Amino acid sequence: MRPIAPLFLLAFLVLTTGTAAAQLNQGVRGRTPAELFPDAAFDPGIPTPRQVTGIDSGQRPLRPEEALAYFEALAEASPRARLLRFGATHEGRPLVVLAVSGEDAVADLDGFRKRHRALLDPREGGVPAVEDLAETRAVAWLAYGIHGDELSSVDAAVAVAYRLVAGTDEHTVRLRERLLVLIDPCENPDGRSRYLSQIFSFAHKTANPDLDDLSHTSVWPWGRGNHYLFDMNRDWFAMIHPESARSREIAHWLPQLMVDSHEMGANSTYLFSPPRHPFNPHLPAGSRKWEGPFGRDQARALDERGYPYFTGEWNEEFFPGYGSSWASYHGAVGILYEMSRTSGTLVRKREGTVRTFAQAVEHQAVSSLANLTTLADNAAEILHDQIAARDAAVRRAGREGPRAWVLPVDSRHPERLERFARLLTDQGIEVHRLGGGPVKATGLVDV
């Protein structure tokens, strides 16, 4: 029995939830909104992250239920925000997105989306000139934490949401006037909850920056996958798991910007778009056109804070099944973030420097604000380019003949064709029944 005891102890530690790091990891400091966004001013009537969660941004990783509670508080406190639920995970955790914009857009979200989709369909109104789109809002979808053990992005989502909802400064007001921002705060709450249970269980009174410490290495099954340990960044097309209902939502909102926020190895720095070769020739021309401006503006924002980064290496957007790549096929500008991990505390890298979780959160939050600013500054032209790309696809189909298939029902498995039709529709592909109308998407959020 003696050899079994350590394994039993390890299993017990993994299954316990641990304490919220009020007693553990002391000395790890977060960021107040004033420190994170020194150029902003805030509405005192909107609760800060500390007022709802009890901690500052980046002090420790937020549990999924804490992030959800904060988003609920924002939606309750402000007419500039509305919380939409589009599903639930295998373990029953809500899947939500927070819509943030001017009060007029938030009050009429259903009407806004219908008008936006009509605008993006060149068969209805053609391709408007850039100047005709000068007052038209663009749409951004910010997605955080599809891998549950990549922690900093979810906490960044909370910080970004506070800035966009509570901000009264000219810059933030302009973002709300020019954009509708959809914040997807926690793409994989089941995996994140499992991983946080581990690292809180393995935490210390004083946080240990040694990367070989168990609080950084953790144990199988870690938290990357969802309840069934599936990598949700491989399910954008098949939509097997309930978390992937966001594919349907994004396809039916047709955003102009899609942020896909991740983490990578602790000894690196920070990677973001544009990607490296090979470049995907099947993506709309606007994807390549706008990667440079977005990347340069993001780099300047990080330069102002003295943070290192790199672009154009190891990541490529050739495979269409990652979040940023998948959204690009709908015409969005897909932006990938890869922040070096800190496991929610702090790490000492091989070259001797120490990076904190608060710094990791700051990288992601600053990047999101930079990307939103670039979109707001160029909203009319980006909208025009996306509509033009969709118009070119329609015209190409007209010259080459319609790209359509007639699929007969398999008498042995008649239900499969219906499921396939709805999957295509959920992906934004039009499907019609012979002798009938179009197939509708499944369970689309009624906003």
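Right above here is the structure, for reference.
Per chain, residues are indexed from 1 in the order of the written sequence. Reporting in this predicted model follows two pLDDT cut-offs: at least 70 for local features of residues, and 80 or more for side-chain atom pairs to be given and counted; totals over whole chains, interfaces and linings ignore these cut-offs and use all residues. With hydrogens and water set aside, each side-chain value is computed from the structure's full complement of heavy atoms.

Colleague: Now, about the packing of helix 8 (residues 152-166) against helix 15 (residues 357-377): what can you tell me, with residues and values included?
Modeller: Following both chains from N to C, one finds helix 8 and helix 15 inclined at 50°, their axes separated by 8 Å at the closest point. With respect to each other, helix 8 and helix 15 are oriented oblique. Regarding helix 8 and helix 15, the two cross each other, and that crossing is right-handed. Across the interface between the two elements, Ser152, Ser153, Asp155, Ala156, Ala159, Val160, Arg163 and Leu164 of helix 8 pack against Phe357, Ala360, Val361, Gln364, Ala365, Ser368, Leu369 and Leu372 of helix 15. Amino acids are sorted into nonpolar (Ala, Val, Leu, Ile, Met, Phe, Trp, Tyr, Cys and Pro), charged (Asp, Glu, Lys and Arg) and polar (every other residue, Gly among them). For the contact of helix 8 with helix 15, the residue count by class is 10 nonpolar, 4 polar and 2 charged. For helices, the fitted axis covers only the stretch in contact; all axes are lines through C-alpha atoms, and the angles between them, taken along N-to-C directions, range from 0 to 180 degrees. The helix count covers DSSP runs of H or I at least four residues long, the strand count covers runs of E at least two residues long, and both are numbered beginning at the N terminus. Here is the rule for angles: anything less than 35 degrees is roughly parallel, anything more than 145 is roughly antiparallel, 65 through 115 is roughly perpendicular, and the remaining ranges are oblique. Left-handed is the label given to a crossing in which the near helix is rotated counterclockwise from the far helix by less than a right angle, and right-handed is the label when the rotation is clockwise. The criterion used for residue contact is that any of the two residues' heavy atoms lie within 4.5 Å.

Colleague: Give a description of the pairing of strand 8 (residues 333-340) that names residues and reports values.
Modeller: Working definition: with a 1.4 Å probe on protein chains only, accessible area under 20% of the residue-type maximum means buried, over 50% means exposed, and in between means partly exposed. With 8 of 8 residues buried, strand 8 is to be regarded as a mostly interior element. Every second residue of strand 8 is oriented toward a common face, with Val333, Ile335, Tyr337 and Met339 on one face and Gly334, Leu336, Glu338 and Ser340 on the other, all of them buried. Here, a strand pair is defined by DSSP locating no fewer than two bridges between the strands. In this structure, strand 6 (residues 270-272) lies alongside strand 8, joined through 3 bridges in antiparallel fashion. When the sheet's bridge partners are listed, Tyr270 is paired in strand 8 with Met339.

Colleague: Kindly report on unusual backbone geometry, identifying the contributing residues and their values.
Modeller: A negative phi holds for most residues other than glycine; trans holds for most peptide bonds. In the segment running from Trp220 into Pro221, the intervening peptide bond is cis, with an omega of 10°. Checked against the element boundaries, Pro221 lands in the loop between helix 11 (214-217) and helix 12 (245-253). Omega for the peptide link from Ser273 to Pro274 comes to 15°, which places this bond in the cis form. Structurally, Pro274 is set in the loop between strand 6 and helix 13 (285-303). The phi dihedral of Leu229 falls on the positive side, at around 65°, and the residue is not glycine. Looking at the secondary structure, you find Leu229 in the loop between helix 11 and helix 12.

Colleague: Help me get a handle on the pattern of salt bridges, residues and values and all.
Modeller: Note on definitions: salt bridges are taken to be side-chain nitrogens of Lys or Arg within 4 Å of carboxyl oxygens of Asp or Glu. According to the stated counting rule, one finds 32 salt bridges in the structure shown. The partner of Glu91 in a salt bridge is Arg93, and the shortest N-O contact between them spans 2.5 Å. The class of Glu91 is partly exposed, set by a relative accessible area of 38%. For Arg93, a relative accessible area of 22% translates into the label partly exposed. Glu430 is the partner of Arg123 in a salt bridge, and the nearest nitrogen-oxygen pair spans 2.5 Å. You can see Arg123 sitting in helix 7 (residues 122-125) and its partner Glu430 sitting in the segment after helix 17 (414-426), a full 307 residues away along the chain. The class of Glu430 is exposed, set by a relative accessible area of 51%. When salt bridges that share partners are traced, they join Glu150, Arg224, Asp231 and Arg234 into one network.

Colleague: How would you summarise helix 15 if you had to cite specific residues and measurements?
Modeller: Its 21 residues give helix 15 an end-to-end C-alpha distance of 30 Å, which sits within 8% of 30 Å, the value for a rise of 1.5 Å per residue. Among the 21 residues in helix 15, 19 count as buried, and that is most of the element. The span expected for a helix works out to 1.5 Å for each residue beyond the first.

Colleague: Quick one: what's the story with the sheet that holds strand 1 (residues 81-88), residue by residue and with numbers?
Modeller: Adjacent strands of a sheet pair through backbone hydrogen bonds, lying either parallel or antiparallel. If you trace the 8 strands from one edge of the open sheet to the other, you get 1-2-4-3-5-8-6-7, paired in mixed fashion. Each having just a single partner strand, strand 1 and strand 7 (310-311) make up the two edges of the open sheet. Sheet contacts for helix 15: strand 3 (138-144), strand 4 (179-184), strand 5 (257-264), strand 6 and strand 8; angle to strand 8, the most-contacted strand, approximately 165°.

Colleague: Describe the nonpolar core, listing the residues and the values that go with them.
Modeller: By size, the foremost hydrophobic cluster in this structure holds 67 residues, and its most contacted members are Leu98, Leu142, Leu164, Ile183, Leu257 and Leu372. Ranked by the residues each element gives to this core, the list is headed by helix 8, at 11 residues. What Ile183 contacts, discounting residues up to four positions off in sequence, is Phe71, Val96, Val97, Leu98, Val100, Leu142, Tyr144, Ala157, Val160, Ala161 and Leu164. Judged by nonpolar contacts, the second largest core, of 24 residues, contains Ala143, Ile146, Leu180 and Ile250. Among buried residues, those of type Ala, Val, Leu, Ile, Met, Phe, Trp, Tyr and Cys that are joined through side-chain atoms within 4.5 Å constitute a nonpolar core.

Colleague: Help me get a handle on the environment of Asn25, residues and values and all.
Modeller: Position of Asn25 relative to the elements: it lies in the loop between helix 1 (4-15) and helix 2 (33-36). C-alpha separation for the pair Asn25 and Gln59, spaced 34 residues apart in sequence, amounts to 9.3 Å.

Colleague: Explain the packing of aromatic side chains to me, using residue names and the numbers behind them.
Modeller: Aromatic rings from Phe, Tyr and Trp, with only the six-membered ring used for Trp, were paired whenever their centres fell within 6.5 Å, and each pair was classed as stacked if the ring planes differed by under 30 degrees, edge-to-face if by over 60, and tilted otherwise. Under the definition given, this model contains 6 aromatic pairs. Each ring, one from Phe272 and one from Tyr309, has its centre 5.3 Å from the other, and the planes form 45°; the classification is tilted. Of the two residues, Phe272 is situated in strand 6 and Tyr309 in the loop between helix 13 and strand 7; the sequence distance between them amounts to 37 residues. Assessed through its relative accessible area of 2%, Phe272 is described here as buried. When its relative accessible area of 27% is taken as the criterion, Tyr309 is described as partly exposed. Linked through ring pairs, Tyr270, Phe272, Tyr309 and Tyr337 together constitute an aromatic cluster.

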